Every structure is written in C-alpha cells, then in structure tokens.
Amino acid sequence: MSFASIRIVTDDLDGLVAFYEQVTGQQAERPAPVFAQFSGPANLAIASTETVAMLGGALTPSTNRSVFIEFEVADVDGAFAGLGLADDDVVLEPTTMPWGNRSALVRDPDGNVVNLFSKPTAE
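Residues numbered from 1 in each chain as written. Predicted model: local features only at pLDDT ≥ 70, side-chain atom pairs only at ≥ 80, totals over all residues. Heavy atoms only, no water.

### Looking at the overall build of the chain
Here comes step 1: Along the backbone of the chain there are two helices and eight strands.
Here comes step 2: Starting at the N terminus, the α and β elements of the chain follow one another as β-α-β-β-β-β-α-β-β-β.
Here comes step 3: Since a compact globule built from 123 residues should have a radius of gyration of about 14 Å, the 15 Å found for the chain is in line with a globular shape.
Here comes step 4: Oriented by its inertia axes, the alpha-carbon framework of the chain measures out at about 50 × 35 × 25 Å.
Here comes step 5: Considering the chain as a whole, with its 123 residues, one finds that 36% of them fall into the buried category.
Here comes step 6: Taking as baseline every contact in the chain between residues at least 6 positions apart, the subset at least 24 positions apart corresponds to 50%.
Here comes step 7: Carbon and sulfur atoms form 52% of the exposed surface of the chain, whose accessible area is close to 7,600 Å². (Helix = DSSP H or I, 4+ residues; strand = E, 2+ residues; numbered from the N terminus. Rg over C-alpha atoms; globule rule 2.2 N^0.38 Å. Buried < 20%, exposed > 50% of the residue type's maximum accessible area, 1.4 Å probe, protein only. Contact = heavy atoms within 4.5 Å. Areas by Shrake-Rupley, 256 points an atom, 1.4 Å probe, with all protein chains shown as cover.)

Written as structure tokens, this is what we have:
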C-alpha cells in the first residue's frame, strides 16, 4: 500500500485552489472541472462536493476541527507575509516553537488550519 493524497472537499474549488497555489508556488493540475491536485512527496487533492454527492453527506465542507495541513517552507515569515491574510485567518503568527521549528498557522478559505513551518538550522 502507498499513500496517495489528502483530499479536501469544498464548495469553493476555485478559491481553495487559488489559496494553495499561492502557498505552494505551484499551479494545480486540473484533470476535471471539479477536481485539482498538487503533486509532490505528499499529494494534496481538492475536490468539489459534486465528487462525493453519492456518499450521502458523509463529508461536509468547512467543518474540519481536528486535522491540519503542513507545508515545510524555507522562510516562514516571508511565506506568511506573502499570503496577505485577514486577522481572522491567522491562528498563530510566525513563532519559534519550544522544539525549535519556526511555525505560522493560518486558515485556508474553508477554515482548515494550515501550518507553514521550517526546521531549525544547524549552527
């Protein structure tokens, strides 16, 4: 078995894709109008609620309260500043964590928490 992706189901596909294009610096692959994907060591897929309609409401957009998506970046402060977020979208401004990582937590357009982090560099 191999890990394939994390998928976010949304009512705002274009808005979420635009946000993650800005975060990743990549253009999403759009194999269908209702689906987008960012490929890498871990894949992030974004799908319209139309893709899960047959699941009878098992997935509800904008309700995540237990999982966050993490991106390792070279410059947390620069990545954070580049997003130009409203205050309501900031969970934690760039902070050096007790274990050494530099981290900023923000909300994507659906309210999912996104961690932009960098590991400490060896002196």
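### A look at unusual backbone geometry
Here comes step 1: For Ser62, which is not glycine, the phi dihedral falls at a positive 65°.
Here comes step 2: In this structure, Ser62 sits in the loop between β4 (44-48) and β5 (68-72).
Here comes step 3: With a relative accessible area of 46%, Ser62 lands in the partly exposed category.

### Remarks on the sheet that holds strand β8 (residues 113-118)
Here comes step 1: The mixed open sheet is built from four strands, whose spatial order is β5-β8-β7-β6. In this open sheet, the two strands that pair with only one neighbour each are β5 and β6 (90-96). Along the sheet, successive strands turn relative to each other by an average axial angle of 15°, direction set aside.
Here comes step 2: With six bridges connecting them, strand β7 (residues 102-107) and β8 associate as antiparallel partners. Paired with Ser103 across the two strands is Phe117, which belongs to β8.
Here comes step 3: Together, β5, β7 and β8 form the strand contacts of helix α1 (residues 13-24), whose direction differs from that of β5 by roughly 30°.
Here comes step 4: Across the sheet, helix α2 (residues 76-83) is in contact with β6, β7 and β8; its angle to β7 comes to roughly 20°. (Pairing = 2+ DSSP bridges. Axes fitted to C-alpha atoms, helices over the stretch in contact; angles between N-to-C directions.)

Everything listed here is a matter of coordinates, which is why it stays silent on function.
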